[in-house]
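Spelled out from the first residue to the last, the chains are:
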Amino acid sequence: MPVTTRSTDPTAPLPRFPADFVWGASTASYQIEGAPDEDGKGPSIWDTFVRRPGAIRDGHTGDVACDHYHRVDEDVALMRRLGLDAYRFSLAWPRVLPTGAGKVEPRGLDFYDRLVDALLAAGIEPTPTLFHWDLPQALEDEGGWLNRDTAHRFAEYAAVAAERLGDRVKRWITLNEPFVHMSFGYGFGVHAPGRALLLGALPVAHHQLLGHGLAARAVREAVPGAQVLIANNCTPVRLRSDAAAEGDRAAAEAYDILHNRLFNDPLLIGRYPDLSAYGMTDPTWGGVVRDGDLQTISAPLDGLGVNYYNPSWITAPADPAAGLPFDLAEPEEAYERTSFGWPVVPDGLTELLTGLRARYGDALPPVWITESGCAQPAGLDDRARIDYLAGHLDALARAAAQGVDVRGYFTWSLLDNFEWAEGFHQRFGLVEVDFATGGRTPRASYAWYRRLIASQRS
Ligand code: BGC
């Protein structure tokens, strides 16, 4: 039966998952909170970056965003009605430590404390991410993630958060998408902090991973029985055509190394992949990777968070002198597209997860889909989003049937929100947000997801 019947036929069968499967939704602090300098919050790199002329489409900023900081109760009520088991949100580091280190701001912690209590009262498990890209500006002034010290500051911040919330919060996510933060933020400069260093950004990968390892240790020390995850953006890498040449295959392998293996290998098998395609043959990366770091990074995870949006199609670089050993290409197939222009490829999720299982075997911990969703045009009748979710859940069920241990699914996103360089132009929410008034209106996809979750319990 074609997936497109899901949105129009309310009796169409829904995928079935185990009774203890966790149904969630995700957001991130800078994308929803607003209140950038309230209650002692310090500036983050996003507060700075959005003011750079031309950085964000139409000059949008997250100064108000969804105004979630003032609408927590309303948002938790939306989650309760949706029937969520868990909610993934992020803590804004500069709310907790305005200059990134040293003095703790109790009012910042109080905000998250209230959110956690409200979630628990609604029967929803809080699942915080410690870093979803809003680094305290004061740390960026010291070099940001190019500076190894940031990893240690991150662990100190993790300890502060875990000590305050750990009596009630058991599942923690350290970093969100270290690949995207490295490449968009430090490689190409299209996200904060807006540095365009190309391969000079590589130390950012190692320092984030080291920060993950140190923070994971700090959380475990503070929270007995804590589960610690990381949320990696992963992509299946595809050749553009069956007639791909040897150079295309080498390019695809190089891209897989940079996007996927650079982050998953050290976490899961304790070593970095061969980076010679990037001109790196020194295993210490010129002194960046120090003795003991990989042991810290590879301490066993309780779960691997996977954020999946679409596969990547790769060809050999048209201009090898341009600096990267691959080109990103468009697929030959005419896929449906989201309003962001991203191809809709549910079977990419099956391919990705079975590929992780094949690559890492028993070293792959249980998998959690920590983001999956799509941008669609404004409006409440978002059938394309329903089709997207249904298709991806079918794909997830197929991966599970092939032996991948999948524990939960968090859709991106609960609310329309500030979509980084795209400002408010891309709408990912189950709930529509009117950014002029802050009004929230559940979409058809909200009703569908609600029915799906309820159906799993019956
Ligand atoms: C990020 C989110 C973002 C989403 C859609 C992920 O890369 O974690 O913050 O909104 O993708 O672009």
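Just so it is clear, the model here is predicted, and its values are computed rather than measured.

Calculation rules
- Residues numbered from 1 in each chain as written.
- Predicted model: local features only at pLDDT ≥ 70, side-chain atom pairs only at ≥ 80, totals over all residues.
- Heavy atoms only, no water.
- Near = heavy atom within 4 Å.
- Polar contact = N/O pair within 3.5 Å; in protein donor to acceptor, adjacent residues only side chain to side chain.
- Areas by Shrake-Rupley, 256 points an atom, 1.4 Å probe, with all protein chains shown as cover.
- Nonpolar A, V, L, I, M, F, W, Y, C, P; charged D, E, K, R; others polar.
- Axes fitted to C-alpha atoms, helices over the stretch in contact; angles between N-to-C directions.
- Helix = DSSP H or I, 4+ residues; strand = E, 2+ residues; numbered from the N terminus.
- Left-handed = near helix turned anticlockwise from the far one by under 90°.
- Contact = heavy atoms within 4.5 Å.
- Pairing = 2+ DSSP bridges.
- Expected span 1.5 Å × (residues − 1).
- Bend = angle between axes of the 7 residues up to and from the residue.
- Buried < 20%, exposed > 50% of the residue type's maximum accessible area, 1.4 Å probe, protein only.
- Phe/Tyr/Trp six-rings, centres within 6.5 Å; stacked < 30°, edge-to-face > 60°.
- Lys NZ or Arg CZ within 6 Å of the ring centre and 35° of its normal.

A. Structural view of the site of the ligand. Lining the immediate surroundings of the ligand are Q31, H132, W133, N176, E177, Y309, W342, E371, W412, E419, W420 and F428. W420 has a polar side-chain atom sitting 2.9 Å from an oxygen atom of the ligand. Protein contacts shield 95% of the accessible area of the ligand, which totals 300 Å² for the unbound molecule. Here the residues of the shell around the ligand are counted per class, giving 6 nonpolar, 3 polar and 3 charged.

B. A look at the packing of helix 8 (residues 178-187) against helix 9 (residues 202-222). Taken N-terminus to C-terminus, the directions of helix 8 and helix 9 make an angle of 145°; their axes are 9 Å apart at the nearest point. The element helix 8 and its partner helix 9 pack so that their crossing is right-handed. Between helix 8 and helix 9, the contacting residues are P178, H181, M182 and Y186 on the first element and L202, V204, A205 and Q208 on the second. Taken together, the residues of the contact of helix 8 with helix 9 sort by class into 6 nonpolar, 2 polar and no charged.

C. Representation of the sheet that holds strand 4 (residues 171-176) in the model. Within the closed barrel, the 8 strands sit side by side as 1-2-3-4-5-7-10-11. Their pairing is parallel. The mean angle between the axes of side-by-side strands here comes to 25°, regardless of whether they run parallel or antiparallel. Along the sheet, helix 5 (residues 106-121) contacts strand 2 (86-90) and strand 3 (125-131); its crossing angle with strand 2, the most-contacted strand, is approximately 170°. With respect to the sheet, helix 8 is in contact with strand 3, strand 4 and strand 5 (227-233), its orientation differing from that of strand 5 by roughly 40°.

D. The sheet that holds strand 6 (residues 237-239), seen in detail. If you trace the 3 strands from one edge of the open sheet to the other, you get 6-8-9, paired in mixed fashion. A single partner strand is all that each edge strand has here, and the edge strands are strand 6 and strand 9 (327-329). Taken pair by pair, the neighbouring strands of this sheet meet at an average axis angle of 50°, ignoring direction. With 3 bridges joining them, strand 6 and strand 8 (residues 312-315) adopt parallel strand pairing. Its bridge partner lying in strand 8, V237 is registered against S312. Of the strands in this sheet, strand 6, strand 8 and strand 9 are in contact with helix 10 (residues 246-269), which crosses strand 6 at around 170°.

E. Summary view of helix 10. For helix 10, spanning 24 residues, the distance from its first C-alpha to its last is only 28 Å, which falls clearly below the expected 34 Å at 1.5 Å a residue. Its axis deflected by about 60° at R261, helix 10 carries its strongest bend there. When you tally the buried positions in helix 10, you get 17 out of 24 residues, the bulk of the element. Count one or two residues on from helix 10 and you reach G270, which has phi positive near 70°.

F. View of the packing of aromatic side chains. Taken as a whole and assessed by the stated rule, the structure comprises 36 aromatic pairs. Aromatic side chains W313 and Y335 sit 5.6 Å apart centroid to centroid with 40° between the ring planes, which places their arrangement in the tilted category. Of this pair, W313 sits in strand 8 while Y335 sits in the loop between strand 9 and helix 12 (347-360), and the two are 22 residues apart along the sequence. Given a relative accessible area of 22%, Y335 falls into the partly exposed group. A ring pair is formed by F418 and W420, whose centres lie 6.4 Å apart and whose planes are at 80°; its orientation type is edge-to-face. You can call W420 buried: its relative accessible area is 4%. Three or more aromatic residues joined by ring pairs form one cluster here, namely Y30, W46, F49, W133, F418, W420, F424 and F435. Sitting over the face of the ring of F111, R95 holds its NZ or CZ atom 5.9 Å from the ring centroid.

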